[in-house]
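# Coordinate analysis (summary)
Below are the chains, spelled out letter by letter.
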Amino acid sequence: MLLLETQNIYTSAMNAAMQVMELVRPIGNDGLPIIRSSGSVSSNLLEAWQNRIDGDIYHDKLRAARIDAVDTRDRIKE
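Residues numbered from 1 in each chain as written. Predicted model: local features only at pLDDT ≥ 70, side-chain atom pairs only at ≥ 80, totals over all residues. Heavy atoms only, no water.

Take the overall build of the protein next. In terms of helices and strands, the protein carries three helices and zero strands. When the helices and strands of the protein are placed in sequence order, the string is α-α-α. Split into buried and exposed, the 78 residues of the protein put 23% on the buried side. Of all intrachain contacts in the protein linking residues separated by at least 6 positions in sequence, the fraction that spans at least 24 positions is 57%. As displayed, the protein offers around 5500 Å² of accessible surface, 57% of which is attributable to carbon and sulfur atoms. Charged side chains of the protein number 9 positive and 11 negative; the gap between the two group centres comes to 3 Å. (Helix = DSSP H or I, 4+ residues; strand = E, 2+ residues; numbered from the N terminus. Buried < 20%, exposed > 50% of the residue type's maximum accessible area, 1.4 Å probe, protein only. Contact = heavy atoms within 4.5 Å. Areas by Shrake-Rupley, 256 points an atom, 1.4 Å probe, with all protein chains shown as cover. Lys, Arg positive; Asp, Glu negative; His and termini not counted. Charge placed at Lys NZ, Arg CZ, Asp CG, Glu CD.)

As structure tokens, this is what we get:
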């Protein structure tokens, strides 16, 4: 069951990152920072889930994901 939950979170995070990549593809190289920050969100969410038993790491990774998500949102708005 745990493996299935981990896989679902990973898949959801990667799908979100892929959607961002598709949105910024027409921008070209100017979209690279957006792709990087959205990929970082996905990575941090996955690491948070993998370390959910260790509260400190879990919360640090969730905070990092939130910061990267805000950065991604702000870059897309620009």
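Past the structure itself, the notes keep going.
Here we take up the packing of helix α2 (residues 32-50) against helix α3 (residues 55-77). Where α2 contacts α3, the axes come no closer than 8 Å and their chain directions differ by 160°. Comparing the axis directions of α2 and α3 gives the class roughly antiparallel. Where α2 crosses over α3, the two elements pack in a sense that is left-handed. For the pair α2 and α3, the contacting residues are Pro33, Ile34, Ser37, Ser38, Ser40, Val41, Asn44, Leu45, Glu47 and Ala48 in the first and Tyr58, Lys61, Leu62, Ala64, Ala65, Asp68, Ala69, Asp71, Thr72, Arg75 and Ile76 in the second. (Axes fitted to C-alpha atoms, helices over the stretch in contact; angles between N-to-C directions. Parallel < 35°, antiparallel > 145°, perpendicular 65-115°, else oblique. Left-handed = near helix turned anticlockwise from the far one by under 90°.)

What follows deals with the pattern of salt bridges. Considering all chains together, one arrives at two salt bridges under this definition. Across the pair Arg63 and Asp60 runs a salt bridge, and its minimum N-O distance is 2.8 Å. Taken as a pair, Arg63 and Asp60 lie in helix α3 at a separation of three residues, close to a single helical turn. Judged by relative accessible area, which is 46%, Asp60 ranks as partly exposed. (Salt bridge = Lys/Arg side-chain N within 4 Å of Asp/Glu carboxyl O.)

Per the stated rule, a full pass over the model turns up zero aromatic pairs. When the ring centre of Trp49 is taken as reference, the NZ or CZ atom of Arg52 above it lies at 3.9 Å. (Phe/Tyr/Trp six-rings, centres within 6.5 Å; stacked < 30°, edge-to-face > 60°. Lys NZ or Arg CZ within 6 Å of the ring centre and 35° of its normal.)

In this model α2 runs 27 Å from its N-terminal to its C-terminal C-alpha over 19 residues, within 8% of the 27 Å that 1.5 Å per residue would give. Residues Ile34, Ser37, Ser38, Val41, Ser42, Asn44, Leu46, Ala48 and Trp49 constitute the buried set of α2. (Expected span 1.5 Å × (residues − 1).)

The next point concerns the confidence of the model for the protein. Overall, the predicted model of the protein reaches an average pLDDT of 78, with 92% of residues at or above 70. Across the protein, element-level confidence peaks in α3 with a mean pLDDT of 83 and bottoms out in helix α1 (residues 2-24) with 71. (pLDDT = per-residue confidence, 0-100.)

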